[in-house]
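Observations on the three-dimensional arrangement
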Amino acid sequence: MGQWDDNAAPDIEVRQLSVWYNQSAALQDINLKVAAGQILAVIGPSGCGKSTFLRVLNRMIERFSSVRVKGMVRIGPFNVLDEHVDVTRLRRAVGMVFQHPNPFPMTIFDNVAYGPRIFGIRSPTQLRKTVEDSLKLAALWDEVRGKLRRGANTLSGGQQQRLCIARALAVNPRVLLLDEPTASLDPVSAAKIEELIVQLKSQYTMVIVTHNLQQAARISDMVAFFEQGRLVEMGNTQDMFTAPRERRTEEFLTGRFD
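Residues numbered from 1 in each chain as written. Predicted model: local features only at pLDDT ≥ 70, side-chain atom pairs only at ≥ 80, totals over all residues. Heavy atoms only, no water.

**What about the sheet that holds strand E7 (residues 175-179)?**
The 6 strands are arranged E6-E7-E8-E3-E9-E10 in an open sheet whose pairing can be described as mixed. Edge strands, defined here as strands with exactly one partner in the open sheet, are strand E6 (94-97) and strand E10 (230-236). If you compare each strand with its neighbour and ignore which way they point, the axes differ by 15 degrees on average. Relative to strand E8 (residues 205-209), strand E3 (residues 39-43) is paired through 4 bridges, and the arrangement is parallel. Of the residues in E8, the one forming a bridge with valine 42 is valine 209. Along the sheet, helix H6 (residues 157-169) contacts E6 and E7; its crossing angle with E6, the most-contacted strand, is approximately 170 degrees. (Pairing = 2+ DSSP bridges. Helix = DSSP H or I, 4+ residues; strand = E, 2+ residues; numbered from the N terminus. Axes fitted to C-alpha atoms, helices over the stretch in contact; angles between N-to-C directions. Contact = heavy atoms within 4.5 Å.)

Laid out in structure tokens, this is it:
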């Protein structure tokens with residue numbers, strides 16, 4: 001396994017990826033590439049394998065019983081599916097933000113400091129700097145700077161989601177996976193998360209699963225359309241929305257999908 005380039009986000013390459021739950025195929029022969037520093041939006045109908053694909057990228061798929069994964073996934077120097085990969089190190093490098101905000105039942109400060117403490121940071125000065133820097137990256141610092149010892153549950157839903165993003169950023173990841181990160185938020189909070197994602201693009205490679213086609217069009221560089229566990233089409237966002245090559249993609253994007 002190679003070393004991360006400290007000055008660059010990594011690329012992602014997936015080849016012949018298939019996933020089964022028991023005997024049921026969730027993904028079939030997925031092949032795609034995401035360039036370093038790009039945002040890939042994964043779209044498709046419910047049950048098409050979008051979230052399964054996301055969970056493979058940091059091996060959270062292994063938390064499900066009776067799952068079988070075949071193929072190759074490379075993120076930067078990580079051969080993700082290699083049995084010798086340090087999964088803890090992988091998940092530190094490939095952070096994940098979920099659909100529903102899930103702050104820990106502790107203070108705002110301790111939520112963000114949780115990961116750095118696990119990875120050995122004990123200095124109060126260093127922890128405070130990490131927390132402050134991460135909250136600033138997540139565009140939350142100005143709203144909570146005087147409230148760090150309050151419980152995270154005192155924040156609004158949108159603030160909690162940005163706190164979860166700050167918590168993911170605090171361990172210095174290289175990739176961010178976002179599973180419908182604005183689905184449970186009001187339009188104003190969702191807009192703030194979208195703006196944040198675009199701002200973070202220069203520092204991280206990102207994969208976002210979304211049911212919101214307008215969101216995919218606004219924030220992504222590339223779009224991948226999944227149907228029934230297969231990658232139907234992937235391309236530049238503007239091209240996908242204005243001139244998709246596949247009929248099924250066009251039907252999905254224009255609401256004529258059955």
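**A short note on the packing of aromatic side chains**
Scanning all chains against the criterion turns up 4 aromatic pairs. For the pair phenylalanine 53 and phenylalanine 226, a centre-to-centre distance of 5.6 Å together with 55 degrees between the ring planes defines the contact as tilted. Highlighted residues: phenylalanine 53 in helix H1 (residues 50-57) and phenylalanine 226 in strand E9 (residues 222-227), separated in sequence by 173 residues. By relative accessible area, phenylalanine 53 is classed as buried at 1%. Residue phenylalanine 226 is classed as buried on the basis of its relative accessible area of 0%. When the ring centre of phenylalanine 119 is taken as reference, the NZ or CZ atom of arginine 92 above it lies at 4.3 Å. (Phe/Tyr/Trp six-rings, centres within 6.5 Å; stacked < 30°, edge-to-face > 60°. Buried < 20%, exposed > 50% of the residue type's maximum accessible area, 1.4 Å probe, protein only. Lys NZ or Arg CZ within 6 Å of the ring centre and 35° of its normal.)

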